Amino acid sequence: MSRFDRYILSQFMVLFGFFSLVLVSIYWINQAVRLFDTLIGDGQSAWVFLEFTALTLPNVIRIVLPMASFAAVVYVTNRLSSESELVVMQATGFSPWRLARPVLWFGLFVGLFMSLVTHFLVPASMTQLQNRQDDLERNITARLLTEGTFLHPAAGVTFYIRSIETDGTLTDVFLSDRRNAEAPQTFTAARAYLVADRATENSGAKLVMVDGLAQTLRSDSQRLFTTHFQDFTYDIGRLFGKAETPFVHVRYLPTWQLFTREEAVMALTGSSRGDLVLERHERFEQPLMCMAAALIGFAALLTGGFSRFGVWRQIVYAIVLLLVIKGIEGASFAPVRANPALWPLTYAAPLAGFAIGALMLGWTARSRRPRRVEVAA
């Protein structure tokens, strides 16, 4: 790699890191706010919140990398043009094709990084995130231990704790189970304890109430039956029903399984063959989109040449072209999902981006080629 290529490439990488950090922060904070409301509202700790937000980071990176590569190339090219560096390079004999070589190097590096994200980091993080979500769904203690709030862990069930002492004792417990309309039950207790029960398949915990009252209302006779008890054990698992089979999405699985175990993957995820084919080819298409976005941003700005007023028009053209490419990407996915035999359409968007970039570079090279001047004899 020549000194010129290293210089331009270093500029691209620095701005790429900056725009990636900014865009990832924006998307990440947006997701973190939703996670904070969900997790903290369910009584989870701050550590669980940080763990979940960290697991969503690879998928956020996958979303913003094409935009970050495009923004970095546009910003650097605009600065080189405004400071007349591109004019000097062209005056020394550098053609648009030669100027685009560091852009291709940059696109290759970003594409390799995107491949690492799509093939390894995203499936691993999404799988771990789903496992942790399933663990929290089964963690009844975290879902019930919220003092001073009426909780509804299931339809027709209300649970309340006035306070939780330092030794784990629950004081002034109220439990209303109205799922059986013929005989709704209400339990009140001065104290209660959540006791782990490994033999219980669904919940793994039982609620032991001490010094309380059980009330049952018979709807047929409208009679209220009350029972005072010294201690009473309530199966918490009945509040949540049987454990459901964990949901598995095709995005959670490694790429090699999508190619070698199609039938097993479709049976496990419940996805159609079109979804499977689209997912595995999309993982190769996204790195190419990073390269195409970088090439479009550079080629569009290079068509403007030097101007004291800048190349803002070319920047607008580049953004419009990128939106067109993203539109092609979105439109090409639906046919592939409906008919897996059309999987080459998955690569229509990056190929169109390469073609548009090449056409703009060719047009720039031709328009700036010195014309032959014929002198009459």
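Worth saying up front: this structure is predicted, and the values here are computed from it rather than measured.

Structural notes on the overall build of the protein
- Each helix and strand counted, the protein has 13 helices and five strands in total.
- Buried residues in the protein amount to 44% of all 377 residues.
- Carbon and sulfur atoms make up 61% of the accessible area of the protein, which totals about 20400 Å².

Considerations on the pattern of salt bridges
- Per the stated rule, a full pass over the model turns up 14 salt bridges.
- A salt bridge links Arg 79 to Glu 83; the nearest nitrogen and oxygen atoms lie 3.4 Å apart.
- Note that Arg 79 is salt-bridged to Glu 85, the shortest N-O span being 3.8 Å. Pair check on accessibility: Arg 79 and Glu 85 agree, each one buried.
- A network of salt bridges, in which partner residues are shared, links Glu 262, Glu 263, Arg 273 and Arg 280.

So, the environment of Glu 262
- Positionally, Glu 262 belongs in helix H10 (residues 262-269).
- The sequence separation of Glu 262 and Val 277 amounts to 15 residues, and the corresponding C-alpha distance is 9.0 Å.
- In contact with Glu 262, not counting residues within four places along its chain, are Gln 257, Arg 273, Leu 276 and Arg 280.
- Here Arg 273 takes part through its side chain, which lies 2.3 Å from a polar atom of the side chain of Glu 262.
- Of note is the side chain of Glu 262, whose polar atom sits 2.7 Å from the side chain of Arg 280.

So, how was this worked out
Residues numbered from 1 in each chain as written. Predicted model: local features only at pLDDT ≥ 70, side-chain atom pairs only at ≥ 80, totals over all residues. Heavy atoms only, no water. Helix = DSSP H or I, 4+ residues; strand = E, 2+ residues; numbered from the N terminus. Buried < 20%, exposed > 50% of the residue type's maximum accessible area, 1.4 Å probe, protein only. Areas by Shrake-Rupley, 256 points an atom, 1.4 Å probe, with all protein chains shown as cover. Salt bridge = Lys/Arg side-chain N within 4 Å of Asp/Glu carboxyl O. Contact = heavy atoms within 4.5 Å. Polar contact = N/O pair within 3.5 Å; in protein donor to acceptor, adjacent residues only side chain to side chain.

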